[in-house]
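Remarks on the overall topology
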Amino acid sequence: MRSLTVVQAVAAGVALARLARGRRRLPPLRPRRDAGVTISVVIPARDEEARIGPCLRAALSDPAVTEVIVVDDGSRDGTAEVAAAAGAKVVTGEPLPGGWVGKQWALRQGVVAAGGEVVVTLDADARPGPGLFGALAATLERYDLVSAGPRFVCDGVLEQALHASMLATLVYRFGPVGPASPPPPHRAVANGQCMAFRRARMAEADGFALVRDRMTDDVALARRLAGQGWTVGFLDAGGLLEVDMHDSVGELWREWGRSLPLRDVTGPGWQAADLAVIWLTGALPVLRLAAGRPTRLDTALLAARLLLTGALRGSYRAPGLGLLLSPLLDPAAAFRLTQATLRPVRTWRGRTYPEVSGGARRARPGRSAAR
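Computed from a predicted model, the values in this text were never measured in an experiment. (Residues numbered from 1 in each chain as written. Predicted model: local features only at pLDDT ≥ 70, side-chain atom pairs only at ≥ 80, totals over all residues. Heavy atoms only, no water.)

1. Re the nonpolar core
The cut-off we apply is this: Side-chain atoms within 4.5 Å link the members of a nonpolar core, which is a set of buried Ala, Val, Leu, Ile, Met, Phe, Trp, Tyr and Cys residues. Classification of residues uses two cut-offs on accessible area relative to the type maximum, computed with a 1.4 Å probe and protein chains only: under 20% is buried, over 50% is exposed, and between them is partly exposed. Throughout, a contact is declared for two residues whenever any of their heavy atoms are within 4.5 Å.
One finds I39, V41, I43 and L136 to be the most contacted residues of the largest nonpolar core, which totals 67 residues. For V41, the contacting residues outside a window of four places in its chain are A59, V65, E67, V68, I69, V120, L122 and F133. In this structure, V71, F197, L210 and A226 belong to the second largest nonpolar core, which totals 33 residues.

2. Here we look at unusual backbone geometry
Condition: Only DSSP runs of H or I with at least four residues qualify as helices, and only runs of E with at least two residues qualify as strands; both kinds are numbered from the N terminus onward.
At D47, a residue that is not glycine, the phi angle is positive and equals roughly 55°. Topologically, D47 is positioned in the loop between β1 (39-45) and α2 (52-61). Positive phi outside glycine occurs at D206, with the angle close to 50°. Tracing the sequence through the fold places D206 in the loop between α7 (199-205) and α8 (207-210).

3. Here's the deal with the layout of surface pockets
As a reminder, the rule being used: Every definition here rests on a 1 Å grid over the protein atoms only: cavities are sets of points where a 1.4 Å probe fits but cannot get out, pockets are open sets enclosed by protein on both sides within 12 Å along at least five of seven lines, and lining residues have some atom within 4 Å of a point. Grid points are joined across faces, edges and corners, and a volume is the space filled by probe spheres set on the points.
Computed from the structure, the second largest pocket encloses a volume of approximately 220 Å³. Lining of the second largest pocket is provided by L26, P27, P28, L29, R30, R32, A135, A138, T139, R142, Y143 and L235. Per-element accounting of the lining of the second largest pocket gives the leading share, three residues, to helix α5 (residues 132-139).

4. Considerations on the side chain of S326
Positionally, S326 belongs in the loop between α13 (321-325) and α14 (330-342). Take S326: its relative accessible area is 0%, and that puts it in the buried class. Those residues in contact with S326, other than ones at most four positions away along the chain, are A161, A164, S165, R305 and T309.

5. Some points on empty space enclosed by the protein
The following threshold applies: Put simply, Ala, Val, Leu, Ile, Met, Phe, Trp, Tyr, Cys and Pro go in the nonpolar bin, Asp, Glu, Lys and Arg in the charged bin, and everything else, Gly too, in the polar bin.
Applying the stated criterion across every chain yields a total of six cavities of 30 Å³ or more. Considering only enclosed or pocket space, the largest cavity measures out at about 130 Å³ in volume. Along the walls of the largest cavity sit M215, T216, R258, S259, L262, R263, D264, A340, P344, V345, R346 and E355, which together make up its complete lining. By volume, the second largest cavity amounts to about 60 Å³. Elements with a minimum of two residues in the lining of the second largest cavity: α6 (157-174) and α11 (268-290). With four residues, α6 is the single largest residue contributor to the lining of the second largest cavity. By residue class, the composition of the lining of the second largest cavity is three nonpolar, four polar and two charged.

6. Some points on the environment of P28
One can find P28 in the loop between α1 (2-20) and β1. Residue classification places P28 among the partly exposed residues on the basis of a relative accessible area of 44%. Along the backbone, P28 and G149 are 121 residues apart, and their C-alpha atoms lie at a distance of 9.3 Å.

7. Looking at the sheet that holds β1
Spelled out, the test is: Note: two strands are recorded as paired if DSSP finds a minimum of 2 bridges between them. For helices, the fitted line uses only the C-alpha atoms of the stretch in contact; every axis is such a line through C-alpha atoms, and the angle between N-to-C directions lies from 0 to 180 degrees.
With mixed pairing, seven strands are arranged side by side in an open sheet as β3-β2-β1-β4-β8-β6-β9. Edge positions in the open sheet fall to β3 (89-92) and β9 (232-236), since each of these has one partner strand only. Strand-to-strand twist across the sheet, computed as the mean angle between neighbouring axes with direction ignored, equals 20°. Two strands pair when backbone bridges link them, and β1 and strand β2 (residues 67-72) are joined in this way by six bridges, in the parallel orientation. Residue pairing across strands places V41 opposite V68, the latter belonging to β2. Packed on one face of the sheet, helix α9 (residues 217-227) meets β6 (145-149), β8 (194-198) and β9 and runs near 150° to β6.

8. A closer look at the pattern of salt bridges
Definition in use: The term salt bridge refers to a side-chain nitrogen of Lys or Arg lying within 4 Å of a carboxyl oxygen of Asp or Glu.
Following the criterion strictly, the structure yields 14 salt bridges and no others. In this structure, E48 engages R51 in a salt bridge whose closest nitrogen and oxygen atoms are separated by 3.2 Å. Judged by its relative accessible area of 9%, E48 is buried. By relative accessible area, which is 16% here, R51 ends up buried.

9. Quick word on the packing of α11 against helix α12 (residues 296-311)
Rules: When describing relative orientation, an angle under 35 degrees is termed roughly parallel and one over 145 degrees roughly antiparallel, while 65 to 115 degrees is termed roughly perpendicular and anything else oblique. By convention the crossing between two helices is left-handed if the near helix lies anticlockwise of the far one by an angle smaller than a right angle, and right-handed if it lies clockwise.
Close contact between α11 and α12 brings their axes to 9 Å; oriented N to C, the two are set at 115°. Considering the angle they form, α11 stands roughly perpendicular to α12. You can see that α11 and α12 cross each other, and the crossing is left-handed. Listed contacts from α12 to L280, T281, P285, V286, R288 and L289 of α11 are D298, L301 and L302. When grouped by side-chain class, the residues that make up the contact of α11 with α12 number six nonpolar, one polar and two charged.

10. What about α12?
Rules: To estimate the expected span of a helix, subtract one from its residue number and multiply by 1.5 Å. Directions drawn from the helix axis to the C-beta atoms are what define this arc.
Helix length check: α12, at 16 residues, gives a terminal C-alpha distance of 23 Å against a target of 22 Å (1.5 Å per residue), a fit within 8%. What α12 keeps buried is the set D298, L301, L302, A304, R305, L308 and T309. Buried residues of α12, viewed axially, fall in a sector of 160°; they line one side. Residues R296, L306, L307 and A311 are exposed on α12 and point more than 90 degrees away from its buried face. In this structure, the buried side of α12 is in contact with α1, α6, α11, α13 and α14.

11. Topic: the packing of aromatic side chains
The criterion, for reference: Stacked, tilted and edge-to-face are the three classes applied to pairs of Phe, Tyr and Trp rings, where Trp contributes its six-membered ring and a pair requires centres within 6.5 Å; stacked means planes under 30 degrees apart, edge-to-face means over 60, and tilted covers the rest.
Counted under the stated rule, the structure contains five aromatic pairs. On the basis of an interplanar angle of 45° and a centroid distance of 6.0 Å, the ring pair of F152 and Y316 is categorised as tilted. One end of the pair, F152, is in strand β7 (residues 151-152); the other, Y316, is in the loop between α12 and α13, and 164 residues separate them in sequence. One exposure class covers both F152 and Y316, and it is buried. Consider the rings of W253 and F335, whose centres lie 6.4 Å apart with planes at 20°: the pair is stacked. One end of the pair, W253, is in helix α10 (residues 249-259); the other, F335, is in helix α14, and 82 residues separate them in sequence. The exposure class of W253 is partly exposed, given its relative accessible area of 26%. A relative accessible area of 43% means that F335 is categorised as partly exposed.

Put into structure tokens, the structure is as follows:
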């Protein structure tokens with residue numbers, strides 16, 4: 001037991017140091033109507049007929065946006081028709097080449113089709129608010145690649161509780177959104193639901209080809225480009241962007257749980273270390289509390305977790321009872337993280353991709369996206 005206490009204390013020190021970064025994090029993005037540059041919004045979409053409408057309406061109505069491009073990635077529903085009817089430019093995706101994940105292939109084609117100086121990529125379930133695009137364009141005076149942390153929409157108490165518990169695992173591993181100083185490239189994180197970059201530089205780097213086979217494409221892109229000297233930012237845009245990620249608790253468990261470990265961009269050593277931090281500082285105190293045997297360190301860690309719960313209020317459109325109850329699901333989140341680490345899933349929207357090793361393996365680019 002003494003050795004477990006020592007290991008837990010070390011993990012607690014690591015987790016608390018990461019949480020403490022929240023005191024120095026950068027302020028949230030403020031709306032900006034006048035971008036000063038031309039902006040192309042690129043939305044990769046596969047079978048998004050039921051969800052893409054609000055995203056399109058918001059992007060098309062923003063005066064800072066020059067064009068909205070929807071790359072139809074082999075949809076089997078009416079995604080292309082909905083996008084065209086809304087007024088977006090629809091690019092019919094070319095057949096998926098071997099060795100590519102669909103989203104990266106669609107985004108690469110979107111960059112080729114874009115005419116704006118700045119490209120903002122959005123997932124179909126994103127809901128951009130007024131002033132988001134101008135604000136993102138302004139950040140490119142400081143950053144080469146920036147992604148935005150949204151405010152999440154959850155349906156029901158249980159979905160919010162599970163989502164907040166899973167979100168906490170990211171904070172415990174990487175710290176809060178908006179770090180004052182960038183992490184080392186191998187620990188950089190990003191949110192692929194909303195990213196911005198200068199089109200010419202991304203085309204020159206052919207960035208999406210560099211991470212063509214990665215399921216966790218956003219983090220892979222951030223780490224790969226940071227390793228090449230890009231300045232990468234992950235900023236809080238909760239007041240300007242909302243995302244309704246999943247339709248049910250079951251879908252949240254399957255789909256977000258699938259990608260949370262970042263297994264195909266993280267080496268085995270860091271995977272083990274991250275899991276240890278989550279189990280020892282998040283799950284173990286709750287389990288001991290349930291058994292009626294918490295230690296003083298457990299009590300301190302539970303208090304820190306409650307403070308984090310309060311800090312996460314701004315990450316949700318309607319924070320409520322689910323957020324308050326989320327620490328009770330930390331053992332479940334730790335289990336799902338472990339399960340997805342040991343048994344990775346590489347299936348998405350009817351496509352199955354071959355397994356790849358962790359870490360940032362170099363992929364050989366194909367034709368330059370600048371051509």
